[in-house]
Each structure stands twice: as C-alpha cells, then as structure tokens.
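# Structure assessment
The lines below spell out each chain.
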Amino acid sequence: MMTSNACEKWSEAIMSVSETIQNEFKSKIQGEVLFQESMARHSTIQVGGPVDIWIEPKDENDCKVAQELAQLHDLSFMTVGRGSNLVVRDGGIRGVVVHVGDAFQTVTIHEQKNDTYIIDVGAGMMMKQLLSWTADQALTGIEGLEGVPGTVGGAVAMNAGTPHGAIGDAVVSVTWLEKAKLVTRQAEKLEFAYRKAKIPRAATVLSVRIKLEKSDGAAVLGKLQELRRYRQSKQPLQQPSMGSVFKNPDKTNTAGKLIEEAGLKGVRVGKAQISPQHANWIVNLGGATANDVEVLIRLAKDTVKEKTGYILEPEVKIIGEHS
Ligand SMILES: Cc1cc2nc3c(=O)[nH]c(=O)nc-3n(C[C@H](O)[C@H](O)[C@H](O)COP(=O)(O)OP(=O)(O)OC[C@H]3O[C@@H](n4cnc5c(N)ncnc54)[C@H](O)[C@@H]3O)c2cc1C
C-alpha cells in the first residue's frame, strides 16, 4: 500500500505538467507522446522513475516543436538515445525527454574522393548498425567502437570510445537543434576529449558527418569480430548495465583496477552489484533501484579515494530526482 507521503509525491509528479500542456504536446507532435513513461524501459541498466513527457519524434520538425514547447512552458528538456550511459534516479525526470531513435536511422555517402569517404549518419542509428554498414562497404576508421551499444548521437554527445579510438577522431561535423534552430559545428570547434565534447546540454543532435577510408571488407569485419570476442571474454555482457561507470584516471591506474584493489568486486547493494567480472561495471541482478546503483557508485568513489587518494569521476550521467 502507498503511504500518504508517497501518494502526495506521485500526484505532484503527475501534476507537474498540466493537462492543457499535455494536450498541446499531443496535438502538435506527429510522433508518439507518452506521459509518466518509465525511464527504466529506456535505459540499459533498467532503473529509473517516470519522465513527465516522453517524445518519439517522427522527424526533425517534431524535435523542433518539442524544443519550442518546452521553452514556451519553461519545462526542462533533454535528448536521449539508447540510454546506455544513464542512471535515471527513482523519482524520474520533471520535464521533457526526446528520444532520438528509429526515425533517425539513416546513412548516406556525402562525398567520395579517391579512398576517402565522407558519410552522413542519422543520430538515431545504433553504433552496431553503422559498424555493420561500414564492414559491408569496406570502410575503415571507427572499428574501435565495436561493442558500444548506444546511438551515434549519444556517442558523439559524450565522445564514446575505447582504447582503440573514439568517435571524435573520425567526426567531420555535427548538426543539432538548439532553441529550435539548426546548428552545424565542425569537429575542431567541438573540443573532443576523453568522454567529452562541446555540445550544449539542451541540444538535440540530429546527424553526424564522419570521415572513413576505403579498406578491405574482410579486414574490417575481422577487426570487429576480434574486438567483439575480447569484450565477450572480459565484460559481463549478459547482465543489464551501462558499461564502464567511471572514467579511468590514467592508463595504468584504471578505474576497474582501483575498485578491484579496494576490495569491492562483487559487493552488492540491494539488487545492484559491482560486477565480479569487471570492477568498473555495475550490473542489475534483477529489480535493482537507481538508488541501489547510486549508493554503489558513491561507495566505490569514497572507498577508492580513502584507500588510494584517486578521485574517480563518473563516466555515466546521473540524472533526475530522488524518490
Ligand atoms: C554493455 C555496454 C558497453 C559500453 N561500452 C562503452 C565503451 O566501450 N565506450 C564508451 O564510451 N561507452 C560505452 N558504453 C556507454 C554507452 O554505450 C555510450 O556512452 C554510448 O555512446 C551512449 O549512447 P546512448 O545513445 O545510449 O546515449 P544515452 O545514454 O541515451 O545518453 C548519453 C548522453 O548523451 C546525450 N545524448 C544522447 N543522444 C543525444 C542526442 N541525439 N542529442 C543530444 N544529446 C544526446 C544524453 O543527453 C546523455 O547526456 C557502454 C554501455 C554498455 C551498456
């Protein structure tokens, strides 16, 4: 049974966007608009409370209208992709979340000069789909991203990468919507760094221009398969997670090594666990809450600081409200 306190909180959440505003979103957006949509359904670690307004835009215009309405009604706004780098707190998100997904899964060759190919990729394209396309086309340059389960938009927003390369290394330019206006920025202006890119927080990345080189299709495929096998042997891919939780302080003292040496491998809080296979991963054993995950993140951070002096910085984005 819900306590009266919990009931109040729940109704506050529901009331945070009036019915009139909800109807306006519904009538002006062509794609799907959902209210009080559980974010656990949209994050790979499968935790998180409801978002007030969840939008599946049908096209660029839907994204524009969503930004305009959020601005007009002073609602917080953010864009997500696959939710593979997110911890949404159990209280959920007040405001609007736009999901750049299926409607933005396009890839075209923009230009070819000798062996150099410039391609335009929709931000909703899954990295896996894009890599499989590059192997079919015998194009090399981004194989290092094999196993990153998010969208191309999400990868660019946080410069996803591995020791074999980051997406920023291959980006020519990125196009996004900001305050309902289209903006294109060349890579030099985006200041790509370790899991960082200079893209405004409220932007909706729509497409990414990437530079690749002609290669041998079998070699590209072989590299992807090799990296996939490596991941399968080292990472708990069968369990819900968000990949690496913390950034590596440096190449020798990786976050995984520091957490393992702090004796935290396998430690559980509720139904969340620091993976016994890889200490920089937190897995959902089934029924974990965002709070379980956040408590583990804090425990890892505090223990590593106390034992080694290193201050671990989360790679994952922790968003939303406590319940
Ligand atoms: C099994 C597993 C393995 C992983 N391995 C790696 C790895 O090797 N390297 C690595 O870097 N990461 C890794 N990750 C983390 C994650 O997959 C990447 O960070 C990925 O690029 C996030 O993409 P996403 O679409 O899921 O973004 P989300 O998680 O949805 O969002 C992440 C951030 O990007 C922003 N964002 C997303 N889409 C857009 C958009 N269209 N416009 C504007 N902003 C946007 C969000 O606001 C948020 O701040 C892994 C995760 C898992 C679950």
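Residues numbered from 1 in each chain as written. Predicted model: local features only at pLDDT ≥ 70, side-chain atom pairs only at ≥ 80, totals over all residues. Heavy atoms only, no water.

### Some remarks on the site of the ligand
This is how it is decided: A cutoff of 4 Å decides nearness: a residue is near a molecule or strand if any of its heavy atoms lies inside that distance of it. Polar contacts, as counted here, are pairs of nitrogen or oxygen atoms within 3.5 Å of one another; within protein the pair requires one atom able to donate a hydrogen and one able to accept it, and residues that are adjacent in sequence qualify only if both atoms are side-chain atoms. Methods summary: accessible areas were calculated by the Shrake-Rupley approach with a probe of 1.4 Å, and residue burial reflects only the protein chains presented.
Surveying the vicinity of the ligand reveals 35 residues, the closest of which are Thr79, Ser84, Thr151, Gly161 and Arg231. Asn85 has a polar backbone atom sitting 2.9 Å from an oxygen atom of the ligand. Between the ligand and Ala155, the relevant distance is 3.4 Å, taken from an oxygen atom to a main-chain nitrogen or oxygen of the residue. Contact with the protein chains removes 92% of the 960 Å² of surface that the ligand exposes when unbound.

### What to know about the pairing of strand 6 (residues 107-113)
Counted only if it meets this: We treat two strands as partners when DSSP finds at least two bridges between them. Helix and strand definitions here come from DSSP, where helices need a minimum of 4 consecutive H or I residues and strands a minimum of 2 consecutive E residues; each element is numbered from the N-terminal end.
Looking at chain direction, strand 6 and strand 7 (residues 116-122) are connected through six bridges and run antiparallel. Residue pairing in the sheet places Val107 in a bridge with Val121 of strand 7. Joining the antiparallel neighbours strand 6 and strand 7 is a turn of two residues, in which Asn114 adopts a positive phi near 50°.

### A word on the domain arrangement of the protein chain
We count it as follows: Either an automatic procedure or a domain database provided the assignment from which the domain bounds are taken. Should any heavy atoms of two residues lie within 4.5 Å, those residues are considered in contact. As used here, buried area is the combined drop in accessible area, with a 1.4 Å probe, of two parts when they are placed together. Each salt bridge in this description consists of a side-chain nitrogen of Lys or Arg and a carboxyl oxygen of Asp or Glu lying within 4 Å of one another. The classification used treats Ala, Val, Leu, Ile, Met, Phe, Trp, Tyr, Cys and Pro as nonpolar, Asp, Glu, Lys and Arg as charged, and all other residues, Gly among them, as polar.
Considered domain by domain, the protein chain is made up of domain 1 (4-102), domain 2 (104-234) and domain 3 (255-319). Each of domain 1 and domain 3 has a C-alpha centre, and these two points are 28 Å apart. Each partner contributes residues to the interface: domain 1 has twelve residues there, and domain 3 has 15 residues. Carbon and sulfur atoms make up 59% of the area that domain 1 and domain 3 hide from each other, which totals about 1200 Å². Contact with domain 3 buries surface across domain 1, with Asn85, Val87 and Arg89 losing the most and accounting together for 49% of the total. The interface formed by domain 1 and domain 3 contains one salt bridge. Here Arg89 ties to Glu294 by a salt bridge, and the two come within 3.0 Å at their closest N and O atoms. At the boundary of domain 1 and domain 3, one finds nine residue pairs in polar contact (both at pLDDT 80 or more). By residue number, the principal contributor to the side of domain 1 that touches domain 3 is strand 4 (residues 86-88), which donates three residues. Of the residues that constitute the side of domain 1 that touches domain 3, the class distribution is seven nonpolar, three polar and two charged.

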